[in-house]
Amino acid sequence: MKIALLGYGKMGQVIERIALERGHEIVLKKDEFNTYDGLSNADVAIDFSVPTAAVSNISSCFHANVPVISGTTGWLEHYDEMLALCAAKNGAFISSSNFSLGVNIFFELNEYLAKIMAKFDSYTVEMEEIHHTQKLDAPSGTAISLAKGVIENSSYTNWTLENPESNQIHIETKRIGTVPGTHTVTYNSSVDAIEIKHTAHNREGFALGAVIAAEWIVGKQGVFTMKDVLDLDKIQ
């Protein structure tokens, strides 16, 4: 499989190594200093760039008829626009706040726990996310996805970084050293607390999941999620 890497920072380099180990070929390593030459030769593109480059990268893939996997966060105000372009070009697209296999299992666990806890109003939910100091967006896309998972399965209606109202989930963000990513969801009451937590040890899990998603999407049309890639809907 021929892969175009859109974004060649630390994540892009880990993805390159894993893709090569799995027998794939890299036909483009796009950063801010070069063009999209070589994109049309790719079977699939993987975008791990920056928020300001994501829309250009994704739309270029649709125009080149190349399926695209995007792990860039912080650009989702343009998400509906990209969905419309994908449909217009009969493209294939997966955008995820986190491609780690473990995190996507964590997403499922978070939603299941939210359904249970919605019946017990003595508990309030809060979240914490910790990342390296170079991460540009806060809260993380993963934290936002976790909050949405709770909102869709409870009476909570929104999340906030400030002091929360009764219908809001408070997300605390921390930027520490080189931490790859730690996310905690806690349900607190006056007598106890229930906590689920995912800790990434390195970038390998994010990169492997993105490559697996890229392998899966080739030959398909439409907008998909990691639930489709991992067949998680069949578990419930």
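On a predicted model such as this, the values are computed, not experimentally measured, just so you know. All chains use their own residue numbering, which begins from 1 and follows the written sequence. Per-residue local features are limited, in this predicted model, to residues with pLDDT of at least 70; the limit for side-chain atom pairs, both in listing and counting, is 80 or more; totals at the level of whole chains, interfaces and linings are taken over all residues. The side-chain figures draw on all heavy atoms in the structure; neither hydrogens nor water molecules are used.

Engineer: I would appreciate a short explanation of the nonpolar core in the present structure.
Structural biologist: Generally speaking, nonpolar side chains in soluble globular proteins are found buried as a group. Take the buried Ala, Val, Leu, Ile, Met, Phe, Trp, Tyr and Cys residues and link them wherever side-chain atoms come within 4.5 Å; each set so joined is a nonpolar core. Only protein chains enter the accessibility calculation, which uses a 1.4 Å probe. A residue is then buried if its area is under 20% of the maximum for its type, exposed if over 50%, and partly exposed in between. With 26 residues, the main nonpolar core has I15, I46, I69, I94 and F99 as its most contacted residues. Elements with a minimum of two residues in this core: strand 1 (2–6), helix 1 (10–21), strand 3 (44–47), strand 5 (92–95), helix 6 (204–217) and helix 7 (226–230). A helix here means a DSSP run of H or I that spans at least four residues, while a strand means a run of E at least two residues long, and both kinds are numbered starting from the N terminus. Examining the composition of this core, we find that 7 residues originate from one element, helix 6, more than from any other. Apart from the residues within four sequence positions on either side, F99 is in contact with F48, I69, S70, G71, I94, N104, G205, F206, G209, A210, A213 and M226. Residues V103, Y123, M127 and V185 belong to the second largest nonpolar core, which totals 19 residues. The contact rule is simple, with two residues in contact once any of their heavy atoms fall within 4.5 Å.

Engineer: Honestly, the side chain of N104 in this entry has me stumped. Any pointers?
Structural biologist: Within the fold, N104 resides in helix 4 (residues 101–117). Of the residues examined, N104 reaches a relative accessible area of 6% and is grouped as buried. Any pair of nitrogen or oxygen atoms within 3.5 Å is treated as a polar contact; in protein, a donor-acceptor pairing is required on top of that, and neighbouring residues in sequence qualify only through side-chain atoms on both sides. A distance of 3.0 Å separates a polar side-chain atom of N104 from the backbone oxygen of N98. The residues touching N104, leaving out its near neighbours within four places in the chain, are N98, F99, M226, L230 and L232.

Engineer: Sorry if this is basic, but what is going on with the packing of aromatic side chains here?
Structural biologist: Two aromatic rings are characterised by how far apart their centres lie and by the angle between their planes. Think of it this way: a Phe, Tyr or Trp ring, Trp meaning its six-membered ring, pairs with another when their centres are within 6.5 Å, and the plane angle makes it stacked under 30 degrees, edge-to-face over 60, tilted otherwise. Enumeration according to the criterion identifies 5 aromatic pairs in this entry. Each ring, one from F62 and one from F93, has its centre 5.5 Å from the other, and the planes form 90°; the classification is edge-to-face. Pair noted here: F62 is in helix 2 (residues 51–63) and F93 is in strand 5, with a separation of 31 residues, a long-range link. Each member of the pair F62 and F93 is classed as buried. With a centroid separation of 6.3 Å and 40° between ring planes, the pair formed by Y79 and F93 is classed as tilted. You can see Y79 sitting in helix 3 (residues 79–88) and its partner F93 sitting in strand 5, a full 14 residues away along the chain. An aromatic cluster is built from F62, W75, Y79 and F93, whose rings are joined through pairwise contacts. Here the basic side chain of K220 rests over the ring of W216, its NZ or CZ set 4.3 Å away from the ring centre. Definition used: whenever NZ (Lys) or CZ (Arg) falls within 6 Å of the ring centre and also within 35 degrees of the ring normal, the charge is taken to sit over that ring.

Engineer: Quick question: what am I supposed to make of the pairing of strand 10 (residues 193–199) here?
Structural biologist: Regular strands place side chains that alternate from one sheet face to the opposite one. Note on pairing: DSSP must find at least two bridges between two strands before they are called paired. Two elements, strand 9 (residues 182–188) and strand 10, share 7 bridges in a ladder whose sense is antiparallel. Paired with Y187 across the strands is I194, a residue of strand 10. Connecting strand 9 to the antiparallel partner strand 10 that follows it, the hairpin turn spans 4 residues.

Engineer: What should I look at first to understand the sheet that holds strand 7 (residues 158–160) in this one?
Structural biologist: In sheet architecture, strand pairing relies on hydrogen bonds along the backbone and comes in two forms, parallel and antiparallel. With mixed pairing, 5 strands are arranged side by side in an open sheet as 7-8-6-9-10. Each having just a single partner strand, strand 7 and strand 10 make up the two edges of the open sheet. Adjacent strand axes in the sheet meet at a mean angle of 20° when their direction is disregarded. Two elements, strand 6 (residues 124–131) and strand 9, share 7 bridges in a ladder whose sense is antiparallel. In the sheet register, V125 faces strand 9, and the bridge partner there is Y187. Fitting a line to C-alpha atoms yields each axis, with helices limited to the stretch in contact; the angle taken between N-to-C directions then spans 0 to 180 degrees. Those strands touched by helix 4 are strand 9 and strand 10, and its axis lies near 165° from that of strand 10. The strands touched by helix 5 (residues 141–151) within the sheet are strand 6, strand 7, strand 8 (168–175) and strand 9, with strand 6 carrying the most contacts at an inclination of about 165°.

Engineer: Hey, could you run me through the side chain of S189 in this one?
Structural biologist: Here S189 shows up in the loop between strand 9 and strand 10. At a separation of 3.2 Å, a polar atom in the side chain of S189 contacts the main-chain amide nitrogen of V191. Apart from residues no more than four positions distant in its own chain, S189 is found in contact with S122 and Y123.

Engineer: Is there a simple way to think about the pattern of salt bridges in this case?
Structural biologist: Note on pairing: side chains with opposite charge can pair once their charged atoms come close. The term salt bridge refers to a pairing of a side-chain nitrogen on Lys or Arg with a carboxyl oxygen on Asp or Glu at a separation within 4 Å. Within this structure, the stated rule accounts for 9 salt bridges. Of the charged contacts, one joins E204 and R17 as a salt bridge, the two residues approaching to 2.2 Å between their closest N and O atoms. Residue E204 is located in helix 6, and its partner R17 is located in helix 1; the two are separated by 187 residues in the primary sequence. We classify E204 as partly exposed; its relative accessible area is 31%. Salt-bridge contacts for E215 lead to R22; the nearest nitrogen and oxygen are separated by 2.8 Å.

Engineer: Is there a simple way to think about helix 2 in this case?
Structural biologist: In an α-helix, one full turn covers 3.6 residues, which means residues spaced three or four apart are oriented alike. Turning to helix 2, its buried residues are A54, V55, N57, I58, S59, S60, C61 and F62. The elements touched by buried residues of helix 2 are strand 1, strand 3, strand 4 (68–70), helix 3 and strand 5. Of the residues trailing helix 2, N65 is marked for its positive phi of about 60°.

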